[in-house]
Every structure is written in structure tokens, then in C-alpha cells.
Amino acid sequence: MKISVIGCGYLGAVHAASMAELGHDVIGFDVDEAKIRSLSAGEAPFFEPGLPEILKSATASGRLRFTSDVTELKGAKVHFLAVGTPQKAGEYAADLTYVDLAVESLIPQLSEGDLLVGKSTVPVGTAARLAARIDASGSGALLAWNPEFLREGFAVKDTISPDRLVYGIPEGERGLVAKALLDEIYATALSNDTPLVVTDYATAELVKVSANAFLATKISFINAMAEIAEVTGADVTQLADAIGFDARIGRRFLNAGVGFGGGCLPKDIRAFSARAEELGRGESVAFLKEVDAINLRRRQRAVDLVVESLGGQVYQKKIAVLGLAFKPDSDDIRDSPALDVAVQLHGLGAEVVATDPEAIANSARKHPQLSFTETVEDALHGAEAVVVVTEWKEFRELDPVAAKALVANAIVIDGRNCLDAEAWRAAGWTYRGMGRP
């Protein structure tokens, strides 16, 4: 099927390349011409495992091309909307400027029976508003909402082989037409028995934000338990193991540390809170403000552990910060706890030397005041303390004996509870974890 993808950032670029990989004829649109040139050359403008391979394959085959001319989208049967919905400056609410601009620019390109499919994460009620706008345009096009559930580092897999599909569609015959088009696009996933939920617009919008709210709550819950563990001498990792055996709870996302970040969870729970306030039901999700507060406190706790471990003073002391991306297998530094920790330590006068396998360039553009190095060895050399804040495999598997030979002071703060505490202590390190004795 001939489809278009409007917005070629993280979500859109992955979706466009993945749809082409599945055999569809895809055209991606973005107003950023530098991004279009990069993608047209088969080069991913960000780090995502597996994306460069399918991007090069799809562009070479002719199934995938990119443009900054919106009129070239005319003739596509299905148009996926994948533009950003950032947090408004100084507010919790989502900024829908890019969504509205994209829809307005697309409407003149729509024809009778075309389907616009929302992928962007939006406040509940947005789809109904956009559907009314499309109806009023007289284009005869339809709207569906098909939320994404991508995990950075696994986005290609999650697009090609999703763990579920959700269609938010209109009632009646129009809904059946929309469903048939989506079924054709996702035929491969559906043939593999991927669970499908067909629902209304509002439910589809809420599925995405409620999933993110639940995950954020689970992460902040275990971090709240870490705060209690720290004052009682308990071990939050063992606690998580024990309660995780309960099938009603599960062990996944019960990892205490410096908390969550990235371009989704923080902004989405804030936007959800703002939308609930607008709907007169702010009390229903009031707990999300505490979820957010707990999350931010854990970043500060990592900084405090460094200061405490160095006797209350980090001024002019070299601190090795291992990790800058908000999670491993990504170069995304949006609302990154790791980068936040590095910046806070620098603000206290520490000589911060940070490293990350993929996120140095992005971090240097945003925070040029920090010092960066490409190698772990350079970061460790002469360090008074080491802070692990992104759980990349190369950091988890560091040899504590070899690392000790490089540092000036064998203190390690495990901001992700990802190191073998016994092995590091046996090698002569002072080990401090998050909620671990």
C-alpha cells in the first residue's frame, strides 16, 4: 500500500523505514531539510539499533523516500501522523502546535476515502477534535488513532512485531473502512496473532498515556521503597526480587536507581495531569505529581551520595560520570537523569569527565561546559569517584580490579544498581548503591 509518514523524528523515521521493510511504498515528510537529506542518503539522524540497516535497504529498493514538499504526499492512501507533542514551556500541558500544523498542511492533499492515522501521543479528546476538522474540510478522508508503544533500543522490533495493536476508529461504516485499511497495513503482525484492540478515539488515546503513567508509577514506587530502605538498612533489590515473584506485581520495571527520563514518560505524565485538570478530574491522577517528584528526587540522591562519599565536598575533584543517555542502546538525552547528575555535579564545582557509547555529541551540544571523553579509561584516570548512571553493557561489565588501578580514589556510586556489589567491594572499592546497604 502507498502510505506517507508526516514527521520524521524518532517515531516517524522508525515507522517509515519499518513500513517499507514490510513491503509498503512509503514517503516520509518533514520540514527539516537537513533531516530529509540524511534520511534520503540512508543515514539515521539518531542512534537506534537495527534502523540503519532497514533504512539503507528500503531507500535502495525504492520503497522508501523522503521529501520536504507536502504536496508529494497526495496520492498516498494512508497518512501516519508522527510529529512531536513536547511539553509547553513553563507548563505541564502538551504543545499540540505541530500536530495542528501537520493536519492543516495535509488536508489539501487528502482525497475521498484516504485515512489519516494518528501515532503521536496526545491529550484525550484531540482525535475527536481533529476528526471534526477533517470532516469540515470536505475532503472525505477518515481519521483513526493508532498509538505507538515503542521502547527506545527496540523500536524497529516493536514496530515490525508489536506486542499489541490498538485502533481508535469512528463508529459505523466509516470505522469498518478504517479498520480494513489498518488491517492491510499490519497484515504481517496480525497473521502472527498479535493481539488487536479495536475501540473509540478516546480509549485509544488513553491507552498510551495510561500505559506510560503505570510504568512511571511502578518505577517511582520502587524508588520510594529505596528511600525507605536507605534509612532502615534494607536492600531494595532483594525487596524487588521478593515482591516481583507475585504474578500480580511482576519483576519488570522494579529496578531502583536514578529514575526514568527520555522524551515520553516525564512529559506524558505531566500532560496527563494537565488534561485531567482541564476535564475537572485532576484528583483522579493527582498521584502522578508525586510520581514525578519521587523520580526527580532520585537524581538528587545520586548527587548527594557522591558528595557524602567525598566527605561533603566535591569542589575541584575529578568525578567520572559513566553514562549520558537516559537509557542504554540510545543516544537520547531528553530529560536524561544521567546528564542531569553530571550537570549538577559540575554546578557544585566538580571536575566532571563524562563518557557514553553514543550520547556524547548530543550532550556536548546541550552542555558544552562539561568535559567528555570517548573512553572509559580516560574518564576513570585519576578520578576521585565514579558514578554509573546509564546501565550500558560496557559499564555493567567493567572489571573492578582493572578500574581500581586507574582511579585516585576507589569510590563507586551505582546509580542503576547494575554492578555486582560484592565483586566491587572485594576489589577494594567503597560501593554505594541506590537503596542498597
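Residues numbered from 1 in each chain as written. Predicted model: local features only at pLDDT ≥ 70, side-chain atom pairs only at ≥ 80, totals over all residues. Heavy atoms only, no water.

1. Observations concerning helix 10 (residues 236-244)
Step number 1: Listed as buried for helix 10 are Val236, Ala240 and Gly244. Projected down its long axis, helix 10 carries its buried residues within an arc of 70°, all on one side. The exposed set on the far side of helix 10, more than 90 degrees from its buried face, consists of Gln238 and Ala242.
Step number 2: Where helix 10 is buried, its residues touch helix 9 (201-232).
Step number 3: The backbone nitrogen of Thr237 lies 2.9 Å from a side-chain oxygen of the residue at the head of helix 10, namely Asp235. (Buried < 20%, exposed > 50% of the residue type's maximum accessible area, 1.4 Å probe, protein only. Helix = DSSP H or I, 4+ residues; strand = E, 2+ residues; numbered from the N terminus. Arc of directions from axis to C-beta. Contact = heavy atoms within 4.5 Å. Polar contact = N/O pair within 3.5 Å; in protein donor to acceptor, adjacent residues only side chain to side chain.)

2. Details of the pattern of salt bridges
Step number 1: Counted by the stated rule, this structure contains 29 salt bridges.
Step number 2: Two residues, Arg416 and Glu391, come together in a salt bridge whose shortest N-O distance is 3.4 Å. One end of the pair, Arg416, is in the loop between strand 13 (411-414) and helix 18 (421-426); the other, Glu391, is in the loop between strand 12 (385-388) and helix 16 (393-396), with 25 residues separating them in the sequence.
Step number 3: In this structure Arg416 comes out as buried when scored by relative accessible area, which is 14%.
Step number 4: Judged by its relative accessible area of 23%, Glu391 is partly exposed.
Step number 5: Salt bridges linked by common partners bring Glu227, Glu230, Glu290, Arg297, Arg298, Arg301, Glu308 and Arg432 together as one network. (Salt bridge = Lys/Arg side-chain N within 4 Å of Asp/Glu carboxyl O.)

3. Observations concerning the environment of Ser18
Step number 1: Locating Ser18 in the fold gives a position in helix 1 (residues 10-21).
Step number 2: Note on Ser18: relative accessible area 0%, which makes it buried.
Step number 3: As for Ser18 and Ile160, which are separated by 142 residues in sequence, their C-alpha atoms are 6.1 Å apart.
Step number 4: Among residues more than four places away in sequence, those in contact with Ser18 are Ile54, Val156, Thr159 and Ile160.

4. With respect to the packing of aromatic side chains
Step number 1: Going through the model one piece at a time under the given rule, you end up with three aromatic pairs.
Step number 2: Plain terms: the ring middles of Tyr167 and Tyr186 are 6.4 Å apart, the flat faces sit at 25° to each other, and that makes the pair stacked. Of the two residues, Tyr167 sits in strand 7 (residues 165-168) while Tyr186 sits in the loop between helix 7 (172-185) and helix 8 (187-191), which places them 19 residues apart along the sequence.
Step number 3: In this structure Tyr167 comes out as buried when scored by relative accessible area, which is 0%. (Phe/Tyr/Trp six-rings, centres within 6.5 Å; stacked < 30°, edge-to-face > 60°.)

5. Considering helix 1
Given 3.6 residues per helical turn, the α-helix brings residues three or four places apart onto the same face.
Step number 1: For helix 1, built from 12 residues, the straight-helix expectation of 16 Å at 1.5 Å per residue is met to within 8% by its first-to-last C-alpha distance of 17 Å.
Step number 2: Counted residue by residue, helix 1 has 11 buried out of 12 residues, so it is predominantly covered.
Step number 3: By the burial criterion, the buried members of helix 1 are Tyr10, Leu11, Gly12, Ala13, Val14, His15, Ala16, Ala17, Ser18, Met19 and Ala20.
Step number 4: Immediately beyond the C-terminal end of helix 1, within one or two residues, lies Gly23, with a positive phi of roughly 105°. (Expected span 1.5 Å × (residues − 1).)

6. Describing the side chain of Ser273
Step number 1: Here Ser273 lies in helix 11 (residues 265-278).
Step number 2: Take Ser273: its relative accessible area is 5%, and that puts it in the buried class.
Step number 3: Discounting residues that sit within four places of it in the chain, Ser273 has contacts with Tyr92, Val285, Leu288 and Lys289.

7. Some thoughts on the sheet that holds strand 14 (residues 430-432)
Step number 1: The six strands lie next to each other as 11-10-9-12-13-14, forming an open sheet whose pairing is parallel. Either end of the sheet is taken by a strand with one partner, and the two such strands are strand 11 (371-372) and strand 14.
Step number 2: As judged from the four bridges shared by strand 9 (residues 318-322) and strand 12, these two strands associate in the parallel manner. Opposite Ile319, over in strand 12, you have Ala385 as the bridge partner.
Step number 3: Sheet strands touched by helix 12 (residues 287-309): strand 9, strand 12, strand 13 and strand 14. Its angle to strand 13, the strand with the most contacts, is close to 165°. (Pairing = 2+ DSSP bridges. Axes fitted to C-alpha atoms, helices over the stretch in contact; angles between N-to-C directions.)

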